[in-house]
Structures are given as C-alpha cells and as structure tokens.
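Residue strings, one per chain:
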Amino acid sequence: MCDTCGCNVTPGNRDLAEGRQATQVLGNLLQVNDNQASHNRVHFNGHGVLSVNLMSSPGAGKTALLEATAELLEDGLRIGVIEGDLETENDADRIRACGVPVVQICTGTACHLDAHMVHDALHQLDLDTLDVLFVENVGNLVCPASFDLGQHRNVALLSTPEGDDKPAKYPVMFRSADLVLLTKRDLAPYMPEFDAAKAANYVRQLGNAAPILELSSKSGDGMEGWTSWLKRGVAELRDNLGLPATTGA
Amino acid sequence: MHELAICQALIDQVTSVARSNGARKVSEILLDIGPLAGVEPDLLANAFPVASAGTVAEGAVLNVTPAPVRVWCRSCELESDAKVNRLVCGQCGDWRTELRSGDELLLRSVVLEDAKSDPPARRPEENENV
C-alpha cells in the first residue's frame, strides 16, 4: 500500500485521507451548565444550605406554598428564595412581604432557569443566614427538568385542578422529582375526578419511589409533612457535611 | 423551546473541540439522545442552523442516534425495553427499576476538517468561573 496511487484509501479511512478527522468527545451536551451547577452546589454545601428546586406548571401554587412555608417556619428554619419568571417582580414582592430574603430572576423569553442564572442570583443572598434556599423555577412542566441548577432536591408540584395524569404526560419532570406535592387539596371536594392514588401510581410507573404528599397551602392541611421533610433534608445535609445541626432541625 | 439553549451549548462544545484540535471546520456532529433527556431531536435540528450560523459548525451535518429506553429490574435482575412513561420491568411489571438507557444527551464525536495531525481526543474546556 502506498500514498502514490491511492490504494491505501479504504472506505474506513477515506475521511482521514481527505483531511477529515473524527474526534471522540463523549461529553454531556449540557456539560458547561452541569459544571456551573456543581460549582453552585459547592457554594450551598460550604454554607450548609439545603437547595430545593421547585418545579410545576404555571399556577400550581409554588409561590403560595412558599408564603405558607415562610409563616410555618418562622421559629424554625431560615429560608431564602430565588424566583424565576419570564417577567414581573410580582412573586418576589409576595415573598418579600413575608420577611423572606428573595432575588427575582426575569428570564425574558427563556422557558427555564439555568445554573448560570442561579449562580448570579445566589451571590446576591447572604447564604450564612439561611438554612434552605428555594429556587422557584419558571412555571413549565417541560424545560426546567433538563437543567441542573446545583440543587440538592427536586420538588414537583401537581395541583388538583390540573388532573391526576400529569406524571404520565410529563415523565421527564416527574421522574426527576425527589418529592411530589399534590397541592390545592382544599379543592378536592369540588374535583372528585382527581384521584390521588392514581397520581401516585403514575409517579411509581416512572420508577420513582419519591414520597408523595397531599397538602393545601390555603387551609394548612398537610403542611407539617412538608416542613418535616425540609427539616430532615437540612439535618441530613449537615450530617453528611459534618456540620452542626441547625437549631430548627 | 429550550432546544435553542441546548443547541447553543452544543455549538460551544463543538467550537471548543475544533479549536483545541486546530480544525478550520466541523463537517459532522454525532449525538446520542434518549427520549427521557427532555430534548426533541427534530427541534434541535431546527435550531441548529440558527445557532451554528457564523461558527465553525455552520453547515455541519447533525447526526442524532436515538437511544432506546431500557430498564433493569431489581427483583428479576434483568434488563428490558420500556416506554417513557411506563418504566416498569418487562418481565414482572415491578416499578422498582433503574434506568439503564434512555436519558442520554451525549456529544459522541465530531468530524473535523483540516485538523492538525492526530491530536488526542479531549473534552471541551471546563467552565472555571467562580
């Protein structure tokens, strides 16, 4: 075989012979985001702050849940919030009115938060004064599930009026959840067609063993299960990091 | 619509690989995408010409291999095919499974033109901002 007549060019190496070169990468497409997310997690761990990514469709009750949580945890865990919305400071204003430190991210047209946006926001908060940092993601059951923000836990909310089959329709989101909250359960008497057992079964069909809690931010029913889950999360995180437990946990 | 954001991340990685290999142009990009990655290959392909315009990847062929959805059952200790919203064991129907394939979002390789000879394959530069 030689370089003179071209007999060394075979179908397998034609690309190379023509100045092409296949370069193996084998990297995650979102590697830059994932690196930033790991960096965010280092920040959270450094301050012993449990970071919780709240995801749901718009209007499922994420902000109402945070308002109710702020009230319940007044003497316990210290919370902070990063709010993600396309536009307006409305949600941040609601959280601020509860006396909770909050940073609003307006994403413009972007349908999700990414790790860089969260990084910019977390530097506007004093993490030393917090036990839990909530990241209220853009209301959307599709896009936010693909982006790691550096959170320790994913929480997916499914509100009663949405219907019990959302986990089957949006498997990527509900598969990633470490906790599923069935919200607005005060509406259950008016919406008997929402079957909580069915919703739970759809989550299990995704191979997800996450706990599923029913609650109502409005009436306060079921809220203690949620707040104890948060307290356990903070205690576990601090235990893993070898940090002293918080007074609230 | 987050496919445009993902496409831009893809272009950044591809540009970085091309630069570190001294290549002038990228002619083909090979991706593995599973249905549970939350990324639609068709939408990614639509976003690609916009995201790649004016970059080394402009005009490159985007070649997406769909990854199958496969789960491993803890009780049967067997692997089986599954549907995206029914990740249960194909043998016994148990939901206590682990996903073995289906959530890939992988840049497998890129075909570079006029690359400097035989550089080692390398990952794109890590993001080091603080």
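Look up: the structure comes first, before these words.
A brief structural summary. (Residues numbered from 1 in each chain as written. Chains lettered and ligands numbered in written order. Predicted model: local features only at pLDDT ≥ 70, side-chain atom pairs only at ≥ 80, totals over all residues. Heavy atoms only, no water.)

## Considering the overall build of chain B
Move 1: Of regular secondary structure, chain B possesses 2 helices and 6 strands.
Move 2: Order of helices (α) and strands (β) in chain B, N terminus to C terminus: α-β-α-β-β-β-β-β.
Move 3: Classification of the 130 residues of chain B by burial places 44% in the buried group.
Move 4: Excluding contacts between residues fewer than 6 apart, the proportion of contacts in chain B whose partners are at least 24 apart in sequence is 71%. (Helix = DSSP H or I, 4+ residues; strand = E, 2+ residues; numbered from the N terminus. Buried < 20%, exposed > 50% of the residue type's maximum accessible area, 1.4 Å probe, protein only. Contact = heavy atoms within 4.5 Å.)

## A look at the pattern of salt bridges
Residues and elements named next belong to chain A.
Move 1: Applying the stated criterion across every chain, the model contains 19 salt bridges over all chains.
Move 2: Residues Arg94 and Glu67 are paired through a salt bridge, measuring 2.9 Å at the closest nitrogen-oxygen approach. Here Arg94 is found in helix α4 (residues 90-96), whereas its partner Glu67 is found in helix α3 (residues 62-72), with 27 residues between them in sequence.
Move 3: Lys169 serves as the salt-bridge partner of Asp165, at 3.4 Å between the closest nitrogen and oxygen. (Salt bridge = Lys/Arg side-chain N within 4 Å of Asp/Glu carboxyl O.)

## What to know about the interface of chain B and chain A
Move 1: Contacts between chain B and chain A engage 46 residues on the former and 36 residues on the latter.
Move 2: Buried surface at the junction of chain B and chain A, both sides included, amounts to about 3600 Å², of which 58% is carbon and sulfur.
Move 3: A salt bridge links Glu113 of chain B to Arg20 of chain A, with the nearest nitrogen and oxygen atoms 3.4 Å apart.
Move 4: Between the two partners, chain B and chain A, sit 15 residue pairs in polar contact (both at pLDDT 80 or more).
Move 5: Elements supplying a minimum of two residues to the side of chain B that touches chain A: α1 (3-20), β1 (25-33), β5 (97-101) and β6 (105-113) of chain B. (Buried area = accessible area lost by both parts, 1.4 Å probe. Polar contact = N/O pair within 3.5 Å; in protein donor to acceptor, adjacent residues only side chain to side chain.)

## Concerning unusual backbone geometry
Move 1: In this structure, Lys184 of chain A takes a positive phi of about 55° despite not being glycine.
Move 2: On the secondary structure map, Lys184 of chain A appears in the loop between β7 (179-183) and α8 (196-204).
Move 3: Although it is not a glycine, Glu77 of chain B sits at a positive phi angle of roughly 55°.
Move 4: Position of Glu77 of chain B relative to the elements: it lies in the loop between β3 (70-73) and β4 (79-81).

## A closer look at the sheet that holds β1 of chain B
Move 1: Pairing within the open sheet is mixed, and its 4 strands lie in the order β1(A)-β6(B)-β1(B)-β2(B). With one partner strand each, in any of the chains shown, β1 (20-28) of chain A together with β2 (61-66) of chain B form the two edges of the open sheet. Across the sheet, the mean angle from the axis of one strand to that of its neighbour is 20°, orientation sign disregarded.
Move 2: Alignment of β1 of chain A against β6 of chain B, held across 7 bridges, turns out to be antiparallel. Pairing of Gly27 of chain A across the sheet is with Leu107 of chain B, part of β6 of chain B.
Move 3: With respect to the sheet, α1 of chain B is in contact with β1 of chain A together with β1, β2 and β6 of chain B, its orientation differing from that of β6 of chain B by roughly 40°. (Pairing = 2+ DSSP bridges. Axes fitted to C-alpha atoms, helices over the stretch in contact; angles between N-to-C directions.)

## Looking at the state of the cysteines
Residue and element names in this part refer to chain B.
Move 1: Applying the stated criterion across every chain, the model contains 0 disulfides over all chains.
Move 2: Looking at the unpaired Cys73, the closest cysteine sulfur is the one in Cys89, lying at 3.7 Å.
Move 3: Between Cys76, a free cysteine, and Cys92, which holds the nearest cysteine sulfur, the sulfur-to-sulfur gap is 3.5 Å. (Disulfide = S-S within 2.5 Å.)

## Examining the packing of aromatic side chains
Residues and elements named next belong to chain A.
Move 1: Under the criterion given, the structure shown has 2 aromatic pairs over all chains.
Move 2: Considering the side-chain rings of Phe134 and Trp226, the 6.0 Å spacing of their centres and the 35° angle between planes classify their relative orientation as tilted. Of the two residues, Phe134 sits in strand β5 (residues 132-136) while Trp226 sits in helix α9 (residues 223-241), which places them 92 residues apart along the sequence. Per residue, the accessibility class of Phe134 equals that of Trp226, and both read buried.
Move 3: For the ring pair Trp226 and Trp229, a centre distance of 5.9 Å and an interplane angle of 15° mean the geometry is stacked. (Phe/Tyr/Trp six-rings, centres within 6.5 Å; stacked < 30°, edge-to-face > 60°.)

## Structural notes on the pairing of β5 of chain A
Residue and element names in this part refer to chain A.
Move 1: Within β5, 5 of the 5 residues are buried, leaving the element largely enclosed by the surrounding structure.
Move 2: Of the two faces of β5, both are covered, the one formed by Val132, Phe134 and Glu136 as well as the one formed by Leu133 and Val135.
Move 3: For strand β2 (residues 50-55) and β5, the ladder comprises 5 bridges, and the chain directions are parallel. What sits directly across from Asn53, in β5, is Val135.

## Quick notes on the environment of Glu28 of chain B
Residues and elements named next belong to chain B.
Move 1: Tracing the backbone shows Glu28 in strand β1.
Move 2: Among residues more than four places away in sequence, those in contact with Glu28 are Ala60, Val61, Asn63, Ser109, Val110 and Val111.
Move 3: There is a polar contact of 3.0 Å between the side chain of Glu28 and the side chain of Asn63.

## A closer look at α9 of chain A
Residue and element names in this part refer to chain A.
Move 1: For α9, built from 19 residues, the straight-helix expectation of 27 Å at 1.5 Å per residue is met to within 8% by its first-to-last C-alpha distance of 27 Å.
Move 2: Residues of α9 that are buried include every one of Met223, Trp226, Thr227, Trp229, Leu230, Gly233, Val234, Leu237 and Arg238, and no others. On an axial view of α9, the arc spanned by its buried residues comes to 160°, and they lie on one face. Facing away from the buried surface of α9 by more than 90 degrees, the exposed residues are Glu224, Asp239 and Asn240.
Move 3: Once α9 finishes, Gly242 follows within two positions and takes phi at roughly 70°, a positive value. (Expected span 1.5 Å × (residues − 1). Arc of directions from axis to C-beta.)

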